[in-house]
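Descriptive structure summary
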Protein chains: 2
Amino acid sequence: MNRLRVALIQVNSVVGDLDGNVARVRSALGEVADCDLAVFPEMVLTGYPLEDLVLKPRFVADSRAAMETLAAESGGCALVLGFADPGPDGSVHNAVAVCRDGAVAGVYHKRQLPNYSVFDEARHFRAGTEPQELYRIGGVRVGVAVCEDLWVADGPVDRLLEGGAELLVTINGSPYRQGKLAEREATVVATATSSGRPLVYVNLVGGQDELVFDGGSMVADPSGTIVARAPRFDEAIVVVDIDVPVVSAPGAGLPVVEVSGTVDRADHAVPPPIPPLEPMAELYGALVTATRDYVVKSGFTDICIGLSGGVDSALVATIAADALGPEHVHAVLMPSRYSSDHSIADAESLIAEQGLDGRTIPIEDAHAALRGMLDASVGDLGDGLVDENLQARIRGVLLMALSNAHGWLVLTTGNKSESAVGYSTLYGDTVGAYASIKDVYKTTVFDLCRWRNVQEVLSGGGPVIPDTILAKPPSAELRPDQRDDQSLPPYDVLDPLLEAYIEGDRTRAELVASGFDAELVDRVVRLVDGAEYKRRQTPHGARVTRKGFGRDRRLPVVNRYRG
Amino acid sequence: MNRLRVALIQVNSVVGDLDGNVARVRSALGEVADCDLAVFPEMVLTGYPLEDLVLKPRFVADSRAAMETLAAESGGCALVLGFADPGPDGSVHNAVAVCRDGAVAGVYHKRQLPNYSVFDEARHFRAGTEPQELYRIGGVRVGVAVCEDLWVADGPVDRLLEGGAELLVTINGSPYRQGKLAEREATVVATATSSGRPLVYVNLVGGQDELVFDGGSMVADPSGTIVARAPRFDEAIVVVDIDVPVVSAPGAGLPVVEVSGTVDRADHAVPPPIPPLEPMAELYGALVTATRDYVVKSGFTDICIGLSGGVDSALVATIAADALGPEHVHAVLMPSRYSSDHSIADAESLIAEQGLDGRTIPIEDAHAALRGMLDASVGDLGDGLVDENLQARIRGVLLMALSNAHGWLVLTTGNKSESAVGYSTLYGDTVGAYASIKDVYKTTVFDLCRWRNVQEVLSGGGPVIPDTILAKPPSAELRPDQRDDQSLPPYDVLDPLLEAYIEGDRTRAELVASGFDAELVDRVVRLVDGAEYKRRQTPHGARVTRKGFGRDRRLPVVNRYRG
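Source: prediction; values computed, not measured.

Here we look at the overall build of chain A
- Across its full length, chain A holds 18 helices and 20 strands.
- With the C-alpha coordinates of chain A rotated into their principal frame, the extents come out at 85 × 50 × 45 Å.
- A buried classification covers 57% of the 563 residues belonging to chain A.

What to know about the interface of chain B and chain A
- Contact residues are listed per partner, giving 70 residues for chain B and 70 residues for chain A.
- Sorting elements by how many residues they give to the side of chain B that touches chain A places helix 10 (residues 385-406) of chain B first, with 13 residues.

A closer look at the environment of arginine 526 of chain A
- Relative to the helices and strands, arginine 526 of chain A is located in helix 17 (residues 518-530).
- The spacing of arginine 526 of chain A and aspartate 267 of chain A is 259 residues in sequence and 65 Å in space, taken between C-alpha atoms.

As for the packing of helix 9 (residues 364-378) of chain B against helix 10 of chain B
Residue and element names in this part refer to chain B.
- Between helix 9 and helix 10, whose axes approach to 11 Å, the crossing angle comes to 140°. Classified by the angle between their axes, helix 9 and helix 10 sit oblique to one another. In the crossing of helix 9 with helix 10, the sense of the turn from one axis to the other is right-handed. Taking contact as the criterion, the partners of Ala366, His367, Leu370 and Val378 in helix 9 are, on helix 10, Val386, Leu390, Gln391 and Ile394.
- For the contact of helix 9 with helix 10, the class distribution of residues is six nonpolar, two polar and no charged.

Focus: the relation of the copies chain B and chain A
- Laying chain B over chain A is done by rotating through 180° and shifting 0.0 Å along the axis; what remains is an RMSD of 0.0 Å. Here the two chains are linked by the operation of a two-fold rotation axis. In terms of proximity to the rotation axis, the leading residue of chain B is glutamine 537 of chain B, whose C-alpha is 2.0 Å off the axis.

Details of the sheet that holds strand 7 (residues 140-146) of chain B
Residues and elements named next belong to chain B.
- One open sheet holds the seven strands; their spatial order is 13-12-9-8-7-6-15, and the pairing between them is mixed. The open sheet has two edge strands, strand 13 (226-229) and strand 15 (256-258), and neither has a second partner. Taking each pair of neighbouring strands and ignoring which way they run, the sheet shows an average axis angle of 25°.

Describing the confidence of the model for chain A
- Taken residue by residue, chain A gives an average pLDDT of 96. The fraction at 70 or more is 100%.
- Here the prediction assigns the complex a pTM of 0.96, and the interface score ipTM is 0.95.

Some points on the pairing of strand 9 (residues 199-203) of chain A
Residue and element names in this part refer to chain A.
- By the criterion of burial, strand 9 is predominantly enclosed, with five of the five residues buried.
- What you see with strand 9 is no split at all: Leu199, Tyr201 and Asn203 on one side and Val200 and Val202 on the other are buried throughout.
- Of the crossover connections in this fold, the one passing from strand 8 (residues 167-172) over helix 5 (residues 180-195) to the parallel strand 9 is right-handed.
- Bridge count between strand 9 and strand 12 (residues 218-220): three bridges; the pairing is antiparallel. Across the sheet, the residue bridging to leucine 199 is alanine 220, located in strand 12.

A word on the domain arrangement of chain A
Residue and element names in this part refer to chain A.
- As assigned here, chain A comprises domain 1 (2-263) and domain 2 (280-535).
- Contact with domain 1, which involves nine residues of that partner, is made by nine residues of domain 2.
- Of all the elements in the fold, those that place two or more residues in the side of domain 1 that touches domain 2 are strand 10 (205-208) and strand 11 (211-214).
- Residue classes in the side of domain 1 that touches domain 2 are distributed as four nonpolar, three polar and two charged.

Details of the nonpolar core
- By size, the foremost hydrophobic cluster in this structure holds 354 residues, and its most contacted members are Val39 and Leu81 of chain A together with Val39 and Leu81 of chain B.
- Sequence-distant contacts of leucine 81 of chain B, defined by excluding residues within four places in its chain, comprise Phe40, Val44, Leu45, Met67, Leu70, Val96, Ala97 and Cys99 of chain B.

Structural notes on unusual backbone geometry
- With an omega dihedral of -5°, the bond running from tyrosine 48 of chain A to proline 49 of chain A counts as a cis peptide bond.
- Positive phi is not limited to glycine here, since aspartate 89 of chain A has a value of about 55°.
- For methionine 43 of chain B, which is not glycine, the phi torsion reads 55° and is therefore positive.
- Considering the arrangement of structural elements, one finds methionine 43 of chain B in the loop between strand 2 (37-39) and helix 2 (57-73).

Focus: the sheet that holds strand 5 (residues 103-109) of chain B
All names here are of chain B.
- Taken in spatial order, the six strands make up an open sheet running 5-4-3-2-1-14, and their pairing is mixed. Edge positions in the sheet fall to strand 5 and strand 14 (236-244), since each of these pairs with one other strand and no more. For this sheet, the mean angle separating the axes of adjacent strands, direction not counted, is 30°.
- Sheet analysis places strand 4 (residues 92-100) next to strand 5, joined by six bridges and oriented antiparallel. Considered in strand 5, the bridge of valine 98 is made with glycine 106.
- The strands touched by helix 2 within the sheet are strand 3 (78-86), strand 4 and strand 5, with strand 3 carrying the most contacts at an inclination of about 160°.

A few points about the environment of tyrosine 48 of chain B
All names here are of chain B.
- For tyrosine 48, the location among the structural elements is in the loop between strand 2 and helix 2.
- As a C-alpha pair, tyrosine 48 and valine 378 span 330 residues in sequence and 49 Å in three-dimensional space.
- With sequence-adjacent residues up to four places away left out, tyrosine 48 is seen in contact with Glu42, Met43, Gly173, Leu204 and Gln208.

Focus: helix 15 (residues 491-502) of chain B
Residues and elements named next belong to chain B.
- Look at helix 15: 15 Å from first C-alpha to last across twelve residues, which is about the 16 Å you get at 1.5 Å a residue.
- Taken residue by residue, helix 15 has Tyr491, Leu494, Leu497, Leu498, Tyr501 and Ile502 as its buried positions. Take helix 15 and look down its axis: the buried residues cluster within an arc of 135°, on one side only.
- Looking at the buried residues of helix 15, the elements they touch are helix 11 (416-421), helix 12 (442-458), helix 16 (508-513) and helix 17 (518-530).

Topic: the pairing of strand 17 (residues 329-333) of chain A
All names here are of chain A.
- Among the five residues of strand 17, five are classified as buried, and the element is accordingly described as predominantly covered.
- Here strand 17 shows no split at all, with Val329, Ala331 and Leu333 on one side and His330 and Val332 on the other all buried.
- With four bridges connecting them, strand 16 (residues 303-306) and strand 17 associate as parallel partners. Across the sheet, glycine 306 pairs through a bridge with valine 332, a residue of strand 17.
- At this point the chain moves from strand 16, through helix 7 (residues 311-324), to the parallel strand 17, and the crossover so formed is right-handed.
- Where strand 17 and strand 18 (residues 357-360) come together, four bridges link them in parallel fashion. Directly across from leucine 333, in strand 18, lies its bridge partner threonine 360.

Things to note about helix 12 of chain B
Residues and elements named next belong to chain B.
- For helix 12, built from 17 residues, the straight-helix expectation of 24 Å at 1.5 Å per residue is met to within 8% by its first-to-last C-alpha distance of 25 Å.
- Of all the positions in helix 12, only Lys442, Thr444, Val445, Leu448, Cys449 and Arg452 are classed as buried. One side of helix 12 carries all its buried residues, which in axial view fall inside an arc of 150°. Counted as exposed and oriented over 90 degrees from the buried face of helix 12: Val454, Val457 and Leu458.

Rules and cut-offs
- Residues numbered from 1 in each chain as written.
- Chains lettered and ligands numbered in written order.
- Predicted model: local features only at pLDDT ≥ 70, side-chain atom pairs only at ≥ 80, totals over all residues.
- Helix = DSSP H or I, 4+ residues; strand = E, 2+ residues; numbered from the N terminus.
- Buried ≥ 20, exposed ≤ 12 C-beta atoms within 10 Å, placed from the backbone.
- Contact = placed C-beta atoms within 7 Å.
- Axes fitted to C-alpha atoms, helices over the stretch in contact; angles between N-to-C directions.
- Parallel < 35°, antiparallel > 145°, perpendicular 65-115°, else oblique.
- Left-handed = near helix turned anticlockwise from the far one by under 90°.
- Nonpolar A, V, L, I, M, F, W, Y, C, P; charged D, E, K, R; others polar.
- Least-squares fit on C-alpha atoms with pLDDT ≥ 70 in both.
- Pairing = 2+ DSSP bridges.
- pLDDT = per-residue confidence, 0-100.
- Right-handed = clockwise from strand over helix to strand, strands pointing away.
- Domains from an automatic or database assignment.
- Core = buried A, V, L, I, M, F, W, Y, C linked by C-beta atoms within 7 Å.
- Expected span 1.5 Å × (residues − 1).
- Arc of directions from axis to C-beta.

Here it is in structure tokens:
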């Protein structure tokens, strides 16, 4: 048995920020003393995913140079660093370097490139084909792999194990979605137990456009016990002593690069256990992280948001206040002739409860002016769709004017149910740079609000989202006495159908066969397909389900399939 | 020498429209008499590209069933039909079936899957690995391949040739971009001459979201002569008798499926030669086709457009009038307090010249109302950015109201230079369902206008775009005496720099090294990178360059690289 001291360092890298990411690595290393090995996440030096930034050869060369800079600075602690590595013929590898004592001991190129769901690695990287090798660190033969390499049967990780690896180290850029952590742990534990080798899993943390990386780095021992776990959604350094059983080297083992010898230590690093998060806490954490990082990494400090008095804008304002501080949240009430007194009162009490910066701009003057201007071309608008959209778009214009004038980034408040069926006004309530809850169904919006209120009550406060907001039936308030359920089925009927159609990729016939009402299916499928053009023009938002609208679901706009 | 009568049938398929595409194939076959072989484009039965529609298993099964329906109907003429074929484990193949006499003689699965530029075939398809085979049709051993299969060295086409193919048939979904046809012809001719075998190349035609397929199907003989060429941008059937030299079957040749015997014919089908298009005619044809098909395939007949009196909106209105008929183009003048008399007069004369449906809605009332409403939150707006954006967004609101009221699809008028540097108002002049000239640089916009005027003059008319529109300096007219060159370098300086940065993926340092002014490079690179969030929320438009904004260039929005 060898004991190896390993630092799991989950970093919130920024895409393209090579200098900043090098500084993040240096700063973390400054906090780590006397380790054998410091492991950083996949692509820590470049950020992830890079998308077509990889197609700039100069950027990839700069990424390699950043790795070499850190390698030159390395000392007795071996570093495992992810970066983009230039290959032959203009190709690029998703790479990891093992560095120590001022030099690069070896570089491994990811062999399994995911190209499904939100991943496009076959577009951007060439799979590694060079012979694999092991690194002897602190007397232990360490095998290194990258993310997807761990998830395929009979793949690169199996080669490392057969070739004599005593400890597996995988670096990852694995984005959050509901239920993902359990899948990760099952794979990590299965590999550790079936191989009898400990496994170190280090993940990125932080938001990048529509993805949010949740950290949760971990170490599994050969018995399948998770002996260390880093927090979710926060940067963290976890130092843990891992007892590594000695494995006799196989006859035809992989070549072993000598990196460092054993170190005797008197103390024994045992990290404090991090309790797992319950599902709502995890989801809320993902939304706060994604929102904060989009705003901050874009160079903003403040956001503005239209508050309708409804549940969606109340939740997004609350997320933003938790992400940025309530004084950085500028809430705007924009009542029209159809807004109810209770909605205005509800929005005002939300502002007061959370200490947001609030203001009210009634839209009647612009509404009346635009109705008058359209009279000759359209005739009397009455209170139909044209007039409803006018109101939503005037609000969009006002939010953007405040954004332009004050440098506040606009958050849009639509949820996944609305976005799915197109129950929104393009260039109206869809206006904004980031859509915090675009991948959250309406029923889950209510669950999150209730959960957040309970947390506040448990910590001695009152509900941050007024109960009256949660109690009333959802309404867009764009015509007299409007309610969502006049246009849509109740959300507890709609949401399961949407989930089966969107996440499940079921067709009309399959949905009807599985028990959904045929007429309802026809109507909802038509609405979802018909709203694709709207979704193409809406902002990024946090992806938290198995299939979000965005890089996860790329349907043609012109598409006549209605099967 | 065998003589084979082949029909090249370039079809404008609609994505997802299985029934409609089957009907298109049937209708074309009704016009073809006494052929040995009828060749349709790649994915003719499903449309192309399908994107994530491929992930619906039921759709793929329906696609296979559509192919089998046509196979069952087939008679003495062998059919070559592209479709999506279900594979094992939920995989899908980009497939082609050879059918005759009521049966499927064979199915080939595309082996080379493009996954760069606008293509994502590694996401959607599994590459074929089944043994290749040849089809004896009219006494000729025919080898069949799909699009990318032809473009790789030592690939599936080489296997067909080595294996005894006497005639090569490739079916294609090759989108237009400037210069693409010459590349295609060079590859087709090189393959025919080096192998000594004739080659049949059949391409899709028509617009699909941001892609436009240009047809131009062709036959090359072994000497490298293009002996038949179909028109560009239009559906067409070209029937040609191909003289196929007999090749002695190799010892280890590919298996040959017997499909049909020789037919003696007295007459000799020689298609009329189609003259090649000059570059501006080709580009203009692509823009008209893309615009027409987006509108029509989306189920619309009419469009509306804001006419500023400037060159961009003049060109888009002209494209739309050519695509849909001038009576289906509803032009809207929306002068603000800063609009010049000559701009209004220029727009009015464009409307009169082309017979568009025109109307004028001055925006002053809404402009004044919104300025007043913002006074408390923003103070006096003066004539800066906030006020400029207000005007553009009021126009967006009006266009969308007309769209909602009359069922007119909105065309947006921005060009590639503007879109690149973000010289546009999000939710203002970017409003619309389709952006006809989004991939056309401003200098090319002028070229296209002049070319279109010359065509009209050549055919005996006057200029359709008034010369005064082409003569004046570009201006957004959103503040007093505004001109584009106050904010941007002259377009003949800007456009080459943009092309090097965008199409060329050069970095700042490389651009400076190649001779661009360093300060200008810094400014333009900053503008282009900073406008990514805007481009993510703008509509689809026709891609006509080597790298359009859209599926061709997928950069992160949060991205700090400034190298």
